[in-house]
Each structure stands twice: as C-alpha cells, then as structure tokens.
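If you want the building blocks of each chain, they are given just below.
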Amino acid sequence: NNNNMNNNNRTMTAARTSTESVKTILRRDKVVTDLFYTIFLDRYPDVRTYFEGVDLQQQAVMLGMALLMVEQHYQHRYPATERYLKVLGQRHSRREIPAELYSQWRDCLLETLSRFHGDGWSDELQQQWKEAVDLASDVMLSGYDAPQGG
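**Thoughts on the pattern of salt bridges**
Logical step 1: Counting across every chain of the model gives eight salt bridges.
Logical step 2: A salt bridge links Glu111 to Arg43; its shortest N-O distance comes to 2.3 Å. Note that Glu111 is positioned in helix α6 (residues 101-117) and Arg43 in helix α3 (residues 29-43), a separation of 68 residues in sequence.
Logical step 3: Residue Asp134 is joined to Arg106 by a salt bridge in which the shortest nitrogen-to-oxygen separation is 2.8 Å. A residue pair is termed long-range when its members are at least 10 positions apart, and Asp134 in helix α7 (residues 123-142) and Arg106 in helix α6 qualify at 28 residues.
Logical step 4: Put simply, Arg106, Asp107, Lys130 and Asp134 are held in one network by salt bridges that share partners.

Written out as structure tokens, the structure reads:
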C-alpha cells in the first residue's frame, strides 16, 4: 500500500501538456516558486541586485500568476494575455532588467519544472514550456520599447 501512495504522489505532478502542467503548478505554486528562486538566485547570484527592496513572497505569487499568463498566451494568444505580458515587460524595463537575463530565467524555470514534475516531465512538455516562455519573453521585450503609462 505504501508503494501505491508513492505512485500516486509521483503521478500527481505528471502532465502531458503545458495546460495540465500549469494546473498542477497552481495547485502547488509555493513549491514551484520557492524551488525556482532557489535555483535562479544560486545559479546567477548577480541577479540578486534586481530583487533589492522586493518582497520575495509577493514576487513568488506574481510568478505563479505569470506562469498562468505565459501558458494561456501560448495556448490561445488572447489579447488580454498579450497586454498583461507587455505591461510586465514595461515593469521589468523600469527595473532595468537586461534582456539577456530572459534566457537564463527560462532555463532555470525549465529546470524547476523538470524537478517539480519528476517522472512526469517529458521532452514534449519541455518543448511546450520553452516555446511558451520564449513567446512570452518576446511580448515582454516588446514592452521595453512601448510608451510607459500607468
């Protein structure tokens, strides 16, 4: 019976698509966001300067919601998700986050999701998330050049 429990825990994080993945992430968002920031800030300690004065607990909540927007934009290209991502890009631009960090952020996110999903992680899921993040990053970076209102 203990084996069944372990198998159930393992399949809890299994996902075949980015949509299933984001649903699982949102159910356990604190696990994902804590792991992500551990990986990202350990691998790129210089990035810590961009988080000075930032409430990391609030930032983790924002990351969870941003992942939902990234996935929804990838799946549906909603105008609302595009506007959200562009505004997010404007905010990153105001904080002078360099565009070069986006690929490092993506790679750390993919590693985080791989660890989170464990046996449920696949090449197909990695490719979907990579495409989703790259698409979102392009929209966010377009916000760097946009007029900055509100």
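Next comes the rest of the description.
**A word on the packing of helix α4 (residues 56-76) against α7**
Logical step 1: Where α4 contacts α7, the axes come no closer than 9 Å and their chain directions differ by 95°. Compared by their axis directions, α4 and α7 come out roughly perpendicular. Along its contact with α4, which presents Leu67, Val70, Glu71, His73, Tyr74 and Gln75, the element α7 presents Gln128, Trp129, Glu131, Ala132, Val133, Leu135, Ala136 and Val139.
Logical step 2: Grouping the constituent residues of the contact of α4 with α7 by class yields nine nonpolar, three polar and two charged.

**Section: the packing of α6 against α7**
Logical step 1: For the pair α6 and α7, the least separation of the axes is 10 Å and the interaxial angle reads 150°. One finds that α6 runs roughly antiparallel with respect to α7. For α6 against α7, the interelement crossing comes out right-handed. The segment α6 lies against α7, with Tyr102, Trp105, Arg106, Leu109, Leu110, Leu113 and His117 engaging Leu125, Gln126, Trp129, Lys130, Val133, Asp134, Ser137, Met140 and Leu141.
Logical step 2: The class makeup of the residues in the contact of α6 with α7 is 10 nonpolar, three polar and three charged.

What counts, and where the lines are drawn
- Residues numbered from 1 in each chain as written.
- Predicted model: local features only at pLDDT ≥ 70, side-chain atom pairs only at ≥ 80, totals over all residues.
- Heavy atoms only, no water.
- Salt bridge = Lys/Arg side-chain N within 4 Å of Asp/Glu carboxyl O.
- Helix = DSSP H or I, 4+ residues; strand = E, 2+ residues; numbered from the N terminus.
- Axes fitted to C-alpha atoms, helices over the stretch in contact; angles between N-to-C directions.
- Parallel < 35°, antiparallel > 145°, perpendicular 65-115°, else oblique.
- Contact = heavy atoms within 4.5 Å.
- Nonpolar A, V, L, I, M, F, W, Y, C, P; charged D, E, K, R; others polar.
- Left-handed = near helix turned anticlockwise from the far one by under 90°.

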